[in-house]
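Notes for the structure review
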Amino acid sequence: MTEFIQEKVQHRKLPLRKIILRAFAITIGAILMATGLEIFLVPNHVIDGGITGISIMLAHITGWKLGFFLLILNLPFVYMGYKQLGKTFAISTVYGIIVLSIFTSFFHPIPAFTDDILLATVFGGMILGTGVGVVIRNGGALDGTEILALLITKKVPFSVGQIIMFINIFILGAAGFVFSWDRAMYSLLAYVIASKAIDTVVAGLEESKSVWIISDEAEEIGDAINARLGRGVTYIKGQGAFTGDNKKVIFSIITRLEESKLNTIVQDIDPSAFLAIGDISEVRGGRFKKKDIH
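Described in the following lines is the structure provided in the data block.

Thresholds applied
Residues numbered from 1 in each chain as written. Predicted model: local features only at pLDDT ≥ 70, side-chain atom pairs only at ≥ 80, totals over all residues. Heavy atoms only, no water. Helix = DSSP H or I, 4+ residues; strand = E, 2+ residues; numbered from the N terminus. Buried < 20%, exposed > 50% of the residue type's maximum accessible area, 1.4 Å probe, protein only. Contact = heavy atoms within 4.5 Å. Areas by Shrake-Rupley, 256 points an atom, 1.4 Å probe, with all protein chains shown as cover. Expected span 1.5 Å × (residues − 1). Polar contact = N/O pair within 3.5 Å; in protein donor to acceptor, adjacent residues only side chain to side chain. Pairing = 2+ DSSP bridges.

Along the backbone of the protein there are 12 helices and 4 strands. By residue count, 38% of the 294 residues in the protein fall in the buried class. A separation of at least 24 residues holds for 75% of the contacts in the protein among residues at least 6 apart in sequence. Surface summary for the protein: the accessible area is close to 17400 Å², and the carbon and sulfur share equals 63%.

Structure (structure tokens):
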């Protein structure tokens, strides 16, 4: 019976509406990445990191289409990570890579939007990163480097981020030999810009923060947060491990723009209160929507 329940949970299918919306979002993300590559970066001999960067250099050396290398080089990593990442992720990733390959081939004959190398680097990186971020938010990926790093990190004492950075140092450095060293430096800039754009899209433009407050004036602070910030609060019963005293813990969600005002509220009511604030990439459900303050 337990095995049946587990199997049912593991193989729960997504509603058709969500599948269609996810496919649409991944399509848009892949098209944006193709635009950043073929309309901005590739014509100006600027590359991105990961498998995408290797594909750009191979396409330049061989004269073959970029889309061919993006498809051929990425698919083995998706296959390698299939058991670790799941069927839904694998299907979403394969679909995104196919759309990316098709549209890079379609956009290839189109002239570069600008010949200004700096503008091409900045806007190409932003558009590419936005596209990748959209795909990641919808359960897929467009580059096999992350999958490879996830597999490697199980065998070495390094984080996924450290492994990706190590791989990209060699890839971006190779651009200096294939193109020129100034193009390698522009490629590094494009990579940094794309990474920031990915983080912004994945985390959300209005980044949320979790707030934990322990204070003897918990109710007064909670009322002030509710009245002055328009945010709901939850009281949690706690106990000090050292003193054994019962404590009332405040939990709330705010935006980064409200952090300063929250600090002021807590400082005014109880300067000795314990306050912890952490980043949250996504908030769903509950009553997070801000209430009007009268």
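So, about helix α7 (residues 117-137). For α7, with 21 residues, the first-to-last C-alpha span of 30 Å sits near the 30 Å given by 1.5 Å per residue. Here the buried face of α7 lies against α2 (16-41) and α10 (181-203). Taking the backbone nitrogen of L118 as reference, a side-chain oxygen 3.0 Å away marks D116 as the first, capping residue of α7. Positioned one or two residues after α7, G139 has a phi angle of 85°, which is positive.

Before going further, it helps to examine the environment of G36. Residue placement: G36 occurs in helix α2. On a C-alpha basis, the gap between G36 and T130 in space is 9.4 Å, while along the polypeptide they are 94 residues apart.

A word on the side chain of R231. Topologically, R231 is positioned in the loop between α11 (218-229) and β2 (233-239). A polar contact of 3.1 Å, which involves the side chain of R231, links it to the side chain of E258.

Before going further, it helps to spend a moment on the pairing of strand β1 (residues 208-214). Among the 7 residues in β1, 5 count as buried, and that is most of the element. Sheet topology note: the β1/strand β4 (residues 274-280) ladder contains 7 bridges and is antiparallel. Each bridged residue has a counterpart across the sheet, and for S208 the counterpart in β4 is I280.

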